[in-house]
Amino acid sequence: MGEIEIQRVYDHEQAKGAVFLVDRMWPRGVRKDELRLDGWARDVAPSAELRQWFGHRPERFAEFAERYRAELDQQSEAVRPLLDAARKGPVTLLYSARDTEHNQAVVLRDYLRGRADT
């Protein structure tokens, strides 16, 4: 299994390996021709309802992570390309949230690492 890293989309110059945008909506202020992407995995992003409930409130992060992992369990086909890429080499997941510790990419990275052998 390759290394799985996360980076803010605005700091993506150091992205390694296969690069996937993991936000449901395209990031503000970024032109599509600015990013070298192997895929836009919008279907692995949290549902609109979950994202709105979370509201990037750190005190809700633990419950957000639990709910998001449950959503990911239901999205096995959407997750598969990310797992396949990670099995071949390094992967970088790009996200646009300001908070680098409490966001969906953190949860997704850990989720993928936990499913590396499945």
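Scoring rules and cut-offs
Residues numbered from 1 in each chain as written. Predicted model: local features only at pLDDT ≥ 70, side-chain atom pairs only at ≥ 80, totals over all residues. Heavy atoms only, no water. Phe/Tyr/Trp six-rings, centres within 6.5 Å; stacked < 30°, edge-to-face > 60°. Helix = DSSP H or I, 4+ residues; strand = E, 2+ residues; numbered from the N terminus. Buried < 20%, exposed > 50% of the residue type's maximum accessible area, 1.4 Å probe, protein only. Lys NZ or Arg CZ within 6 Å of the ring centre and 35° of its normal. Axes fitted to C-alpha atoms, helices over the stretch in contact; angles between N-to-C directions. Parallel < 35°, antiparallel > 145°, perpendicular 65-115°, else oblique. Left-handed = near helix turned anticlockwise from the far one by under 90°. Contact = heavy atoms within 4.5 Å. Nonpolar A, V, L, I, M, F, W, Y, C, P; charged D, E, K, R; others polar.

Draft legend 1. Focus on the packing of aromatic side chains. This structure, assessed with the given rule, holds 5 aromatic pairs. Taken together, a centroid distance of 5.1 Å and an interplanar angle of 75° make the contact between Trp-26 and Trp-40 edge-to-face. Taken together, the positions of Trp-26 in the loop between strand E2 (18-21) and strand E3 (39-40) and Trp-40 in strand E3 put the pair 14 residues apart, joining distant regions of the chain. Measuring from ring centre to ring centre gives 4.2 Å for Phe-54 and Phe-64, while their planes differ by 15°; the resulting arrangement is stacked. In this pair, Phe-54 sits in helix H1 (residues 48-54) while Phe-64 sits in helix H2 (residues 61-73), placing the two residues 10 residues apart along the sequence. Classification of Phe-54 as buried rests on a relative accessible area of 2%. Given the relative accessible area of 1%, Phe-64 is considered buried. What links up through ring pairs into an aromatic cluster is the set Phe-54, Phe-61, Phe-64 and Tyr-68. Over the ring of Trp-26 we find Lys-32, and its NZ or CZ is 5.3 Å from the ring centre. For Arg-115, the ring lying beneath its charged end belongs to Tyr-111, and the centroid distance is 3.9 Å.

Draft legend 2. Seen up close, the packing of H2 against helix H4 (residues 104-114). Remark: H2 packs on H4, axes separated minimally by 10 Å, with the N-to-C direction vectors making an angle of 55°. Considering the angle they form, H2 stands oblique to H4. Where H2 crosses over H4, the handedness of that crossing is right-handed. Facing Phe-61, Phe-64, Ala-65, Tyr-68, Arg-69, Leu-72 and Asp-73 of H2, the residues of H4 in contact are Gln-104, Val-106, Val-107, Leu-108 and Tyr-111. Here the residues of the contact of H2 with H4 sort into 9 nonpolar, 1 polar and 2 charged.

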